[in-house]
Number of protein chains: 2
Amino acid sequence: MSYSIKEIAKIMGITPSTLRYYDSEGLLPNVKKVNGRRVFEDKDFKWLRVLNCMKNINMPIKKIKEYVKLAQKGDATLQERYNLILQQKESIQKQINELNTCLKEFEFKEWYYKTAIEAGTEKVVENISSISPTLEIDKIPKNYKKEGK
Amino acid sequence: MSYSIKEIAKIMGITPSTLRYYDSEGLLPNVKKVNGRRVFEDKDFKWLRVLNCMKNINMPIKKIKEYVKLAQKGDATLQERYNLILQQKESIQKQINELNTCLKEFEFKEWYYKTAIEAGTEKVVENISSISPTLEIDKIPKNYKKEGK
DNA sequence: ACTTGACTTAAAGTTAACTTTAACTTGTAT
DNA sequence: ATACAAGTTAAAGTTAACTTTAAGTCAAGT
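Conventions we followed
- Per-chain numbering applies: the sequence of each chain, read as written, is numbered from 1 onward.
- Chain letters and ligand numbers both follow the written order, the letters beginning at A and the numbers at 1.
- Whole-chain, interface and lining totals are the exception, using all residues; otherwise, since this is a predicted model, local features are given only for residues with pLDDT of at least 70 and side-chain atom pairs are given and counted only at 80 or more.
- Excluding hydrogens and water, the side-chain figures rest on all heavy atoms present in the structure.
- Note on terminology: near, applied to a residue and a molecule or strand, indicates that one of the residue's heavy atoms is within 4 Å of it.
- We call two N or O atoms a polar contact when they sit within 3.5 Å, provided that within protein one can donate a hydrogen and the other can accept it, with sequence-adjacent residues counted only if both atoms are side-chain atoms.
- Every helix listed is a DSSP run of H or I at least four residues long, and every strand listed is a run of E at least two residues long, numbered separately from the N terminus.
- Gly counts as polar in this scheme, as do all residues outside two lists: the nonpolar Ala, Val, Leu, Ile, Met, Phe, Trp, Tyr, Cys and Pro, and the charged Asp, Glu, Lys and Arg.
- Any pair of Phe, Tyr and Trp rings, taking the six-membered ring for Trp, is counted once the centres come within 6.5 Å. Such a pair is stacked with planes under 30 degrees apart, edge-to-face with planes over 60 apart, and tilted for the rest.
- Accessible area is worked out with a 1.4 Å probe on protein chains only. A residue is then buried under 20% of its type maximum, exposed over 50%, and partly exposed in between.
- Pairing between strands is defined by DSSP: at least two bridges between the two strands are required.
- A residue counts toward the fit only if its pLDDT is at least 70 in both copies, and the copies are then superposed by least squares on the C-alpha atoms of those residues.
- The contact criterion used throughout is that any non-hydrogen atoms of two residues lie within 4.5 Å.
- This arc is taken over the directions from the axis of the helix to the C-beta atoms.
- What gets called buried area is simply the loss in accessible area from a 1.4 Å probe that two parts show on being joined, summed for both.
- Counted as salt bridges are all cases of a side-chain nitrogen of Lys or Arg within 4 Å of a carboxyl oxygen of Asp or Glu.
- Geometry is summarised by axes, namely lines fitted to C-alpha atoms with helices restricted to the contacting stretch, and by angles between N-to-C directions that run from 0 to 180 degrees.
- Orientation labels follow simple angle bins: below 35 degrees gives roughly parallel, above 145 gives roughly antiparallel, 65 to 115 gives roughly perpendicular, and whatever is left gives oblique.
- Two helices crossing with the near one rotated counterclockwise from the far one by less than a right angle form a left-handed crossing, whereas a clockwise rotation gives a right-handed crossing.

Chemist: What exactly am I supposed to notice about the protein's contact with DNA strand C here?
Modeler: Close to DNA strand C lie 19 residues, the nearest being N35(A), K55(A), R20(B), K33(B) and R38(B). At 3.2 Å from a base oxygen of DNA strand C is found a side-chain nitrogen or oxygen belonging to R37(A). Here a phosphate oxygen of DNA strand C sits 2.3 Å away from a polar atom, N or O, in the side chain of K55(A). Residue assignment for the surface near DNA strand C shows that the elements contributing at least two residues are α2 (16-24) and α4 (61-72) of chain A together with α1 (5-12) and β3 (37-41) of chain B. A class-by-class count of the residues in the surface near DNA strand C yields 5 nonpolar, 6 polar and 8 charged.

In structure tokens:
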């Protein structure tokens, strides 16, 4: 089975232009061309899924290109690719942790506004602040000293 | 207790320039000025934490500004702010889900490369692909029909 | 009085990731 | 044969989110 750029774009939820841009940046290796047109085959899907993942975790295009280039060099770069994957795994974990902390903050806000709406005014809740510390600020001890030279 | 822009920047892990930029975009309401200089007080911290959260969940500055403006209008906008919070909560959930799916993909890759490195070559594993479907691609039924007009 | 260091603004510059435009090719339908 | 739809490239344009620069203010220390 083979697919046109339009079909692949639809499946990936992006525009054909973006796919062409990715190709121009070297993110789509091994994509065939027939009569000058890109033709995507089943084997390309495996990579498209990974590419999609890499985009989802906010890997910059430069970094993805780096990975693609390593992969094209074959077995000699296995260790390097492994390291890159581990590094990205950590980054994902960090992002998930951050999002979970923020989710708590937003759950607090949800309660905050629900309560305020019921009371008709924010005054009822405005001195209450979320407990979850997301910022260094919340970790500052009470006797925090500013740095003096 | 009051803090200079430099101290706040350090605490938030950004540069003073970025804080000034945020201020110029209206993201730092109610920040005092003494002799033309910004002075941050304890009461500003509550908002800085929320701002930090909003940045972490990739809320665009425009959207954050929108929220700030609503908040400044007082009780009349409680419902609107509540809705905005709910909307963002959903967005966070979606992001967490995406990241978790990608984490699985990367955990597969970790195994993939570990196995390949042990064997000395990728050939041992290269036909195996992760099972977790992250892309519409993986949900396409075998008898997928392209659209015909 | 003068230098220093930390601040200020306004405006221009940067970067990443697209997006749009313009001019062109090609296979299919009428 | 001709028109049309869908693709192509190269290059210019856009947008968000900063970052840098230049020129200036201000309080404290020597």
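Chemist: Could you clarify how one ought to interpret the packing of aromatic side chains in this entry?
Modeler: Residues and elements named next belong to chain B. Summed over the entire model, instances satisfying the criterion amount to 12 aromatic pairs over all chains. Aromatic pair Y3 and F45: ring centres 5.0 Å apart, planes at 40 degrees, arrangement tilted. Of this pair, Y3 sits in strand β1 (residues 2-3) while F45 sits in helix α3 (residues 42-56); the two residues are 42 residues apart in sequence, bridging distant segments of the chain. With respect to burial, Y3 and F45 carry one shared label: buried.

Chemist: What's the story with the environment of K114(A) in this structure? I'm lost.
Modeler: Residues and elements named next belong to chain A. Positionally, K114 belongs in helix α5 (residues 78-119). Using a relative accessible area of 41% as the deciding quantity, one classes K114 as partly exposed. Sequence separation between K114 and V31 is 83 residues; the distance between their C-alpha atoms is 53 Å.

Chemist: How do you make sense of the protein's contact with DNA strand D when you look at a structure like this?
Modeler: DNA strand D sits among 19 residues. The nearest are R20(A), K33(A), R38(A), T18(B) and K55(B). Backbone atoms, meaning sugar and phosphate, make up 76% of the atoms of DNA strand D lying within 4 Å of the protein. One of the side-chain N or O atoms of R20(A) is found 2.6 Å from a phosphate oxygen in DNA strand D. For DNA strand D, a phosphate oxygen lies 2.3 Å from a polar atom in the side chain of K55(B). Here the surface near DNA strand D takes 4 residues from helix α2 (residues 16-24) of chain B, the largest share from any one element. Of the residues belonging to the surface near DNA strand D, the class tally is 5 nonpolar, 6 polar and 8 charged.

Chemist: How should I be thinking about the sheet that holds β3(B) in this particular structure?
Modeler: What links the strands of a sheet is backbone hydrogen bonding, and the strands pair in either a parallel or an antiparallel sense. Residue and element names in this part refer to chain B. Across the sheet, 3 strands lie side by side as β1-β3-β2; this open sheet has antiparallel pairing. Lying at the two open borders of the sheet, with one neighbouring strand each, are β1 and β2 (32-34). When β2 meets β3, the two strands line up antiparallel, connected through 3 bridges. Across the sheet, the residue bridging to K32 is V39, located in β3.

Chemist: How do you make sense of the relation of the copies chain B and chain A when you look at a structure like this?
Modeler: What connects the two chain copies is a rotation about an axis and a shift along it. Superposition of chain B onto chain A requires a rotation of 180 degrees combined with a translation of 0.0 Å along the rotation axis, giving an RMSD of 0.1 Å. These values place the two chain copies in the arrangement generated by a two-fold rotation axis. When C-alpha positions in chain B are compared against the rotation axis, the closest is assigned to I96(B), at 3.0 Å. Residue by residue, 100% of the interface of chain B is reproduced at the interface of chain A, so both copies engage with the same surface.

Chemist: I would appreciate a short explanation of the sheet that holds strand β1 (residues 2-3) of chain A in the present structure.
Modeler: Spatially, β1-β3-β2 (chain A) is the arrangement adopted by the 3 strands of the open sheet, whose pairing is antiparallel. On the outer flanks of this sheet lie β1 and β2 (32-34) of chain A, each paired with one strand and no other.

Chemist: Looking at this model, I keep getting lost on α2(B). Mind explaining?
Modeler: Residues that lie three or four places apart on an α-helix share one face, since the helix turns once every 3.6 residues. Residue and element names in this part refer to chain B. Within α2, the full set of buried residues consists of L19, Y22 and D23. One side of α2 carries all its buried residues, which in axial view fall inside an arc of 100 degrees. Where α2 is buried, its residues touch α1, β3, α3 and α4 (61-72). Trailing α2 by a residue or two, G26 shows a phi angle of about 85 degrees, which is positive.

Chemist: Whenever I open this one, the interface of chain B and chain A confuses me. Can you help?
Modeler: By a widespread convention, an interface's size corresponds to the accessible area lost as its parts come together. Every contact between the two is made by 64 residues of chain B and, on the other side, 64 residues of chain A. Roughly 6200 Å² of surface becomes buried between chain B and chain A when both sides are summed, with 65% attributable to carbon and sulfur atoms. Its largest share of buried area at the contact with chain A, chain B owes to R49(B), L99(B) and F106(B), together 13% of the area lost on that side. Across the pair R49(B) and E105(A) runs a salt bridge, and its minimum N-O distance is 3.4 Å.

Chemist: How should I be thinking about the packing of α5(A) against helix α5 (residues 78-119) of chain B in this particular structure?
Modeler: How two helices sit against one another is set out by the angle between their axes and by the gap between those axes. At a closest axis distance of 8 Å, the pairing of α5(A) and α5(B) adopts a crossing angle of 160 degrees. In this view, α5(A) runs roughly antiparallel relative to α5(B), as classed from their interaxial angle. Classified by chirality, the crossing of α5(B) by α5(A) is left-handed. Of the residues assigned to the contact of α5(A) with α5(B), the class counts are 26 nonpolar, 10 polar and 12 charged.

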